[in-house]
Amino acid sequence: MLLALLGLHAVLAAAAPAVSRRLGRGVFAVCAVAPAATVAYALARAPAAFDGAPASETVAWAGRLGLDLQLRLDAFAVLMVLLVSGIGVLIFAYCAWYFGPRPDLGRFAATLLAFAGSMLGVVLADNVLVLYVFWELTTVTSYLLIGFDHEKGSARAAALQGLLVTAAGGLVMLAGLVVLGEAAGTYTLSAMLADPPAGGAATAGALLALGGAFTKSAQVPFHFWLAGAMAAPTPVSAYLHSATMVKAGVYLVARLAPAFALLGGWRELVVGVGVATMLLGGWRALRQHDLKLLLAYGTVSQLGFMMILLGAGVPEATRAGAVLLLAHGAFKAALFMVVGIVDHQAGTRDLRRLSGLGRRMPATFWVAVVAAASMAGLPPLFGFVAKEAAFEAYLHGGIGPIGPIALGGMALGSVLTFAYSARFVWGAFADKPDVARAGHDGAGAHAPPAAFLAPAALLAVVTVAIGVLPSFAAGLVNAAAAALDPAVEPGTLALWHGFNLALWLSALVIVAGVALFARRREVEHLQARLPSMVDAAQAYHGLVKGLNRGADRVTGLVQNGSLPVYLGTILLTVVALPLPALLSGGLPTPDGVIAESLLQLAVIGGVAVAAIGTVLARRRFAAVLFLGGVGYGVAILFVVQGAPDLALTQLLVETLSLVVFVLVLRHLPENFEVHHWRLGQAFRRAVAGLVGVFVFVFVLAAGQARTSPPVSEAYLAQALPEAGGRNVVNVILVDFRGFDTLGEITVLAVAALGIAGLVRARRRERGDEEPA
Amino acid sequence: MTLLAQIPPLQIPDIAWSAISPELVLFGVGILALLLDTAGPQRLQASFLVFGFAAAGAGYIALSTEQSVLPGLVGLAALGQFALTAIWRDRPRLLSALLAALGFAGAIGVTTWQWGAYSGRLVGADAATFVGTDSLLGGMVAVDGVALFTRVTVCLAGLVTVPLSFAYAEERRIHRGEYYPLLLFAATGMTLLASSADFIMVFIAIEVLSLSLYILAGFAKRDLNSQEAALKYFLLGAFSSALLLYGIALVYGVTGSTNIAEAGRAFSSLDAPQGMAVAAMALLIVGFGFKTAIVPFHMWTPDVYQGAPTPITGFMAAATKAAAFAAFLRVFVGAFAPLQWSWTPVLWVLAALTMLAGAILAVVQNDVKRMLGYSAVAHAGYVLIGFVAVNRAGVSGVLVYLLIYTFMSLGSFGVLALLERRNHKAMAIDDLRGLGRRDPVPAGMLALFLLSLAGIPGTAGFVAKFAVFRAGIEAGHAALVVIAVVSSVIAAFFYIRVIVAMFMEDVPEGVAAEAPLAPSTGMSAGIAFSAAVMVAFGTVLPFLLVDLADQAATFVS
């Protein structure tokens, strides 16, 4: 059934373009069927999953590689499915109103649905490699969605940036997951977590896996791509960049943390990065003028918050994290939808050009107030419940110095969160006299149709409902947290815990947040004046540019198209590797005699002189003649040795090559090229000399290496008695190796055939071209 | 009478022709195609002559050995070629192409038969006819999993190259009679290389395939780029062959044998000077490194790939690599495994260099064909990971990788050939802008191949990459896999740049509207087949391929 649900996503996505041609915007209703069915199934399976009987399916894919399509729906997966598919249904409803009629809606709906299916795959996967496959599919679909307005150069750049950052992180994660899988002996996620591997390899694997989680969830220092991703249409931001995809990293960390949090460095790293992200995101959000960017940095901040809770592997914090996941999904998606409505109705989302919208679209205003208040952590809303649980978890202590750091970070982060939540509502809806005076009084903006607002309103209602009656969600949260970490004890969720430390902390946060919001101008000025720290986005651009430039240089240097350079590289490698090996046992010394007679010695001397002449000659013709001299000298050696047949062959071959050379030389300049670049000349000489040394040593060594008697002795001994021939060469050709000769004749026949073909082709080219 | 009685009865050695039956098929069809082309207008007569000889031979075999299957097949083939010649006697190129395609298909069929016997599914007399599993042809040829798998890879590559070439060669006016015979001869050399069990055979096979490829690379003889490609390939290839021969000589010197397995055994029990053994291996690495395009012996690759006719480039990139890696594997992972302490560090470094250099150099290329040439270098580096793993998972990973790479490479070069046909020029990335909107199907296919080359999950390329990465990690080469990951990230950048240009950028203003693409049937079929194989064995049913490769990951010893 799980597989069928994934299949339904794929099928509907494939059909979407065709559907949109017929139904126009109705395509979104068709697409919504898939996530709706998923929610229904998840709810139906939820009781069993809560009781610890998760639904699971396995389909063989590439089993020998550890790749099998294993899916599992446990209680935590139910929570994630509700987020992914539940919000998905709402987003599709929202899309139908957000977009005007345009021709590429079908493509958009298809990609969005493909994304929803991929994300569903991520949370259902019970095999780390399958998880990775779906993980990268979300990256690719997200890339297509960010770059949907592909006429805009900025959208394309942002899409590519998001893709490169998350795909790179994903590959690092893959390496980590494979190391973990090898260490654990299984790639099944549930089995790996039930019996987690330990030791150095497991630590390395777990930390590498964090690379993927951090990039995907936009943690410092990878947070910049999420801001860029706001180039996407607003429904995409609401869905991918707040409610689902960016939570994939948090999801993975949440799964792994209970098993690996105690490995060296994990907890410190995750909490440290989480705190840094929460603070940086909140701080940056306070200076944004674009409402969408404000929310994007808010999301970065909240993702850090979730990382602190779900990544530490502390049971109570895990439970608080589950609450926050749900709460954030509800309020942040609602806020993004509100931004989309504002943008749609008022034509801008720059808070310096918006004024008076609160009066003109009161329903939207109230939805925004509820969602933002939940984000700020005000009672009696869901966000408040989540924050209380979070403070509560870390107030107990017991995890060393990390606890206070996490607590302090969360408190400070919450102050910032309160301030930017207030800034959001103020920026979008307040009456701003100076803005109104400048002519941007929002007079053209009127309230959106009820159906456009409905999805956001529904999420706001959920926020209030669970805030007032948190026990609604308690069952889900308890079961989900227990599915992550069996050590989690079921607890109740409550709005009112009495006057405890957590409540005082919340009060403090609210007071500080109000103060911060009141001094918003000073904060903005301060941020403008502070020297901007090394920006990760700049680092990314520097890296991409550096790669391009570096590659350019390297190419120019090593790949200049020059044949001598190519050849020199190969030859130098030969000299560098085998020559030392050959010389390792000392220079091989020839045993036996060097020359058997004075005549031999003289001929050898002549050959040597001719060889040196070849190298020194300036004219091509002279070089060829010297080369011929070498060959003829060798032929004389054969004669001296008593092998006239061989000498004859050598003479023929030598003469023939000389003739060919002369024929070719007619088309070449008379002299060799003279190189004016001294260093190049010296380099060539050095290479040539070294190769000469190599060949010399090689011949010496090869001559020494004989281990068995040469075959020639046997032939000499057998030629007369067995074949009745005195000429050994002839005997070999026609008798001992008769079949070889037969083969050679066959080869000659084939060659003749080829030559005949060439001749014919020549004739054809002159005129009578045949048809193909 | 007395004289005759004195002559002892002729001892015809029992030659296991069946061991090289795929090569015989390829070579025979190549000769036939050459003969029919040479015969010109008399080709029908020539074909009938061939039919007559073949039928007589088949009849003789049937009578003398009382076998029916083999002679039957030979007779059928002879009749088939005559029928084809009779039908298309006025269209010699088409006839050649058809024969070549049938030759590749026939070789795949014979190899499948061999596979049946090898894997034990086919037993009895028929099995023995086609496969012997131990010493064959005097220990010259091995019929083992690696050989059989690679033969199929090479023949599939040929089978796709034929239809890709037809219209392309016609358009560029380079459609000459030798084209298909040369393709078949090159494939003969490749399959022979993959099954060589002796260094002498390795050398002969390399020469057979190289000589054919030198000519094919320069087939567009009026194109300066093509000439340059052929010349560079030839000169550098000649040097590397010589170095390989040096290495073989040293191996023989140290071990007293040119048989690969025997040399390996002699190496492992060596107590004499190690220096010469190391030098021998280094020279062999140079020779194989050149054929497989490993850094620093890769420099010819981009120049040659760019200059050669595009379908030939695809064939070279895919099939040569598969064959050379098979022989490389047989020598080092198969025979020299006991000496791995000495050569794995070298190949480890070369693998890292190859992956990084290939990816980095590809980034700045604007010519798509050249970019794919560099990317081929990077892919050789990924294959090397499975190589240095020196285990069964590594060998099967290499086999899977090479088969999948074959289709990725042929497919992408095939689409390029299609585009070049229309534009009558090499394709730069800028020329691809807006292609996705004008010609969505070819653009989509190219995108599929490129995503697969990038190793995006869900594509065949991912399965391939994962297979070798996993083998590497299993063997403890985690650092190398990390380098591979870095290289993949860089590589993803330039593959995706092409996709962005096709789908997200518009045709620049002022560029005249191009003529609509008119893909020939053959090209469409070749590209579609590649895509279908990739989706089938990469995305939907990878376990079939992975299991097969795992069965194949054995060497005869």
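Residues numbered from 1 in each chain as written. Chains lettered and ligands numbered in written order. Predicted model: local features only at pLDDT ≥ 70, side-chain atom pairs only at ≥ 80, totals over all residues. Heavy atoms only, no water.

J.: Report on the overall build of chain A, specifying residues and quantitative values.
T.: Along the backbone of chain A there are 33 helices and two strands. Compactness check: chain A gives a C-alpha radius of gyration of 39 Å against a globular reference of 28 Å for 772 residues, more than 25% above the reference. Referenced to the eigenvectors of the C-alpha coordinate spread, the extents of chain A come out at roughly 115 × 60 × 55 Å. Long-range pairs, those at least 24 residues apart, make up 78% of the contacts in chain A with a sequence separation of at least 6. Put simply, chain A shows about 33,300 Å² of open surface, and 67% of that area lies on carbon and sulfur atoms. Looking at chain A, you have 50 positive and 42 negative side-chain charges, and the mean spots of the two groups are 12 Å apart. (Helix = DSSP H or I, 4+ residues; strand = E, 2+ residues; numbered from the N terminus. Rg over C-alpha atoms; globule rule 2.2 N^0.38 Å. Contact = heavy atoms within 4.5 Å. Areas by Shrake-Rupley, 256 points an atom, 1.4 Å probe, with all protein chains shown as cover. Lys, Arg positive; Asp, Glu negative; His and termini not counted. Charge placed at Lys NZ, Arg CZ, Asp CG, Glu CD.)

J.: Now, about the nonpolar core: what can you tell me, with residues and values included?
T.: Counting residues in hydrophobic clusters, the biggest one holds 429 residues, and the most contacted among them are A:Tyr394 and B:Phe332. Sort the elements by how many residues they give to this core and helix H14 (residues 315–346) of chain A lands first, with 19 residues. Two domains each provide a minimum of three residues to this core, namely domain 1 (26–35 + 42–103) and domain 2 (134–552) of chain B. When near neighbours in sequence (up to four residues on either side) are disregarded, A:Tyr394 contacts A:Ile308, A:Leu309, A:Ala312, A:Ala317, A:Ile399, A:Gly403, A:Ala406, A:Leu407 and A:Met410. (Core = buried A, V, L, I, M, F, W, Y, C linked by side-chain atoms within 4.5 Å. Buried < 20%, exposed > 50% of the residue type's maximum accessible area, 1.4 Å probe, protein only. Domains from an automatic or database assignment.)

J.: Got a sec to walk through the interface of chain B and chain A? Specific residues and values, please.
T.: Contact residues are listed per partner, giving 85 residues for chain B and 76 residues for chain A. Interface of chain B and chain A: buried area, both sides summed, is about 6,900 Å²; carbon and sulfur atoms make up 75% of it. The three residues of chain B that bury the most area against chain A are B:Met299, B:Phe466 and B:Met504, which together make up 11% of that side's buried surface. Counting the contacts that link chain B with chain A gives one salt bridge. The tally of links from chain B across to chain A stands at three residue pairs in polar contact (both at pLDDT 80 or more). Looking at the side of chain B that touches chain A, the element that brings in the most residues is helix H10 (residues 224–255) of chain B, giving eleven residues. Each residue belonging to the side of chain B that touches chain A can be placed in one class, and the counts come to 54 nonpolar, twelve polar and 19 charged. (Buried area = accessible area lost by both parts, 1.4 Å probe. Salt bridge = Lys/Arg side-chain N within 4 Å of Asp/Glu carboxyl O. Polar contact = N/O pair within 3.5 Å; in protein donor to acceptor, adjacent residues only side chain to side chain. Nonpolar A, V, L, I, M, F, W, Y, C, P; charged D, E, K, R; others polar.)

J.: Please provide a residue-by-residue account of unusual backbone geometry, values included.
T.: A cis amide bond links A:Val220 with the next residue in sequence, A:Pro221, at an omega value of 5 degrees. Relative to the assigned elements, A:Pro221 resides in the loop between helix H8 (200–216) and helix H9 (224–228). A:Pro379 connects to A:Pro380 through a cis peptide bond whose omega is 5 degrees. A positive phi is found at A:Ala218, a non-glycine position, where the angle reads about 55 degrees. Relative to the helices and strands, A:Ala218 is located in the loop between H8 and H9. Phi is positive for B:Val390, close to 50 degrees, though the residue is something other than glycine. Position of B:Val390 relative to the elements: it lies in the loop between helix H16 (368–388) and helix H17 (392–423).

J.: With reference to specific residues and values, describe the packing of aromatic side chains.
T.: Counting across every chain of the model gives 44 aromatic pairs over all chains. Relative to B:Tyr246, the ring of A:Phe698 lies with its centre 4.3 Å away and its plane at 25 degrees, an arrangement referred to as stacked. With A:Phe698 in helix H30 (residues 678–704) and B:Tyr246 in helix H10, the pair connects residues from two separate chains. Taking the relative accessible area as the measure of exposure, A:Phe698 reaches 6% and is therefore buried. Relative accessible area serves as the criterion here: at 25%, B:Tyr246 is assigned to the partly exposed category. An aromatic cluster is built from A:Phe28, A:Phe92, A:Tyr94, A:Tyr98, A:Phe99, A:Phe108, A:Phe148 and A:Phe452, whose rings are joined through pairwise contacts. A cation sits over an aromatic face here: A:Lys432 above A:Trp426, 4.8 Å from the ring centre. Across the ring face of A:Phe517, the terminal group of A:Arg520 is positioned such that the distance to the ring centre comes to 4.5 Å. (Phe/Tyr/Trp six-rings, centres within 6.5 Å; stacked < 30°, edge-to-face > 60°. Lys NZ or Arg CZ within 6 Å of the ring centre and 35° of its normal.)

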